[in-house]
Structure formats: C-alpha cells, structure tokens
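Residue-level structural notes
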Amino acid sequence: MKPQISTPTGELTAFRQLLSATPRGARLARRLAVHQLDTWGFPHGSDVSDAAAHIVAELAANAISHGHVAGRDFELRLTRREPNTLRIEVADARSDRLPRCELPEGDAESGRGLCLVAALAAAWGVIEREVGKTVWAELKV
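Report follows, based on the coordinates. What you see is a predicted model; the values in this text were computed from it and never measured. (Residues numbered from 1 in each chain as written. Predicted model: local features only at pLDDT ≥ 70, side-chain atom pairs only at ≥ 80, totals over all residues. Heavy atoms only, no water.)

**Some words on the overall build of the chain**
Condition: Helix and strand assignments come from DSSP, with helices taken as H or I runs of at least 4 residues and strands as E runs of at least 2, each series counted from the N terminus. The buried label applies to any residue whose accessible area, calculated with a 1.4 Å probe on protein chains only, is under 20% of its type's maximum; exposed applies above 50%, and partly exposed to all values in between. Any two residues whose heavy atoms approach within 4.5 Å at even a single point are treated as in contact.
Counting its regular elements, the chain contains three helices and six strands. Ordered by position from the N terminus, the helices and strands of the chain form the series β-β-α-α-β-β-α-β-β. The 141 residues of the chain split such that 43% are buried. Taking all contacts inside the chain whose residues are at least 6 apart in sequence as the whole, residues at least 24 apart take part in 60%.

Next up, the structure:
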C-alpha cells in the first residue's frame, strides 16, 4: 500500500490514503497519520500528534464499524492549512448512518467516541458525498 502524499504547494499540504475497511486498516490509518504528522514537524508524542491519533482512531473505527460496505475501502485524508489548522477526514461508503455525539446511558461500554472527537477538535462535522459520507475534524496547531 503506497501512501499518496502531495508536495506542498503554497499554504496547503495534504496526505491521502485508501485503506481496507478492517480493524487492520483502522490501525494502519492511525499509524500513517502519526508518521505523516511527524514529517510535517509534529513529533510522535506531541500534543498535536496525540490528539490527531485519537481522532483518526475513532473516525477510522467508526468507518469500519458503522460505515462498512462489503468490498469498499475507507479513505483517510489529512490536510495542513497554514498557519495553524490540521483537518482530518475519514470517508466511508454509507450515508444512511450519520454520526452523533450523544453520551450513552449508564455503564455502556461504547458510544463515547464522537464526544471525545468533539472535545479534542476545534470543530467537527459530516459532509455527504455522492457515495457515502466524510466525517471531518479540525485541530488548531
């Protein structure tokens, strides 16, 4: 799997990768994001890298759990906009399941991930696509 990295042009730098809609693909998304951020000057273990890793992990997990369509991949896209914004996008093939940030009742073991994304990100949302949706989050860096 070869990452598709564009070279910086002006004030925009981007990274894009299609990944299998499997747990392995979700883990790889997180690792690729951390690696790419390191090349952009946000070292592994920094606040920006850690926040982005959590966001990518959650959005990728949701893509494979709730957005999976047999035979379809999901897409990770990172965009660094100067001077201080990192946009994380994860696109999947299902538009009928839109994410919501709602805390679950009681001792539920899942359902808090998007609330974590909302807490870490300056903004987040969903964009419908021709096929599927893109869930995005922006970090101030």
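**Focus on the pairing of strand 4 (residues 85-92)**
Worth spelling out the cut-off: Strand pairing is assigned whenever DSSP detects at least two bridges linking the two strands.
Here strand 4 lies mainly inside the structure; eight of its eight residues are buried. Here strand 4 shows two buried faces, one formed by Thr85, Arg87, Glu89 and Ala91 and the other by Leu86, Ile88, Val90 and Asp92. Across seven bridges, the pairing between strand 3 (residues 74-81) and strand 4 is antiparallel. The residue of strand 4 that forms the bridge with Arg77 is Glu89.

**So, helix 1 (residues 23-39)**
Selection rule: How far a helix is expected to stretch is found by multiplying one less than its residue total by 1.5 Å.
Relative to the 24 Å expected for 17 residues at 1.5 Å per residue, helix 1 spans 25 Å between its end C-alpha atoms, a close match to the ideal helical length. Gly25, Ala26, Ala29, Leu32, Ala33, Val34, Gln36 and Leu37 are the residues of helix 1 that are buried. Positive backbone phi, at 100°, marks Gly41, one or two positions downstream of helix 1.

**Some remarks on the pairing of strand 3**
Of all eight residues in strand 3, six are buried; the element is thus mostly enclosed. Summarising the sheet, strand 2 (residues 12-19) and strand 3 pair through eight bridges and their orientation is antiparallel. Residue pairing for strand 3: Phe15 is matched across the bridge by Leu78. Counted between consecutive antiparallel strands, the loop separating strand 3 from strand 4 contains three residues.

**Re helix 3 (residues 113-120)**
For helix 3, every residue scored as buried is listed here: Gly113, Leu114, Cys115 and Val117. Buried residues in helix 3 make contact with helix 2 (47-66), strand 5 (123-128) and strand 6 (133-140).

**Brief notes about the pattern of salt bridges**
Selection rule: Note on definitions: salt bridges are taken to be side-chain nitrogens of Lys or Arg within 4 Å of carboxyl oxygens of Asp or Glu.
Under the definition given, this model contains nine salt bridges. For Arg16, the salt bridge goes to Glu75, with nearest N and O atoms at 2.3 Å. With Arg16 in strand 2 and Glu75 in strand 3, this residue pair connects regions lying 59 residues apart in the sequence. In this structure, Asp96 engages Arg94 in a salt bridge whose closest nitrogen and oxygen atoms are separated by 2.7 Å. When its relative accessible area of 55% is taken as the criterion, Asp96 is described as exposed. What you see here is one network of salt bridges that share partners, running through Arg16, Glu75, Arg77, Arg81, Arg87, Glu89, Arg129 and Glu138.

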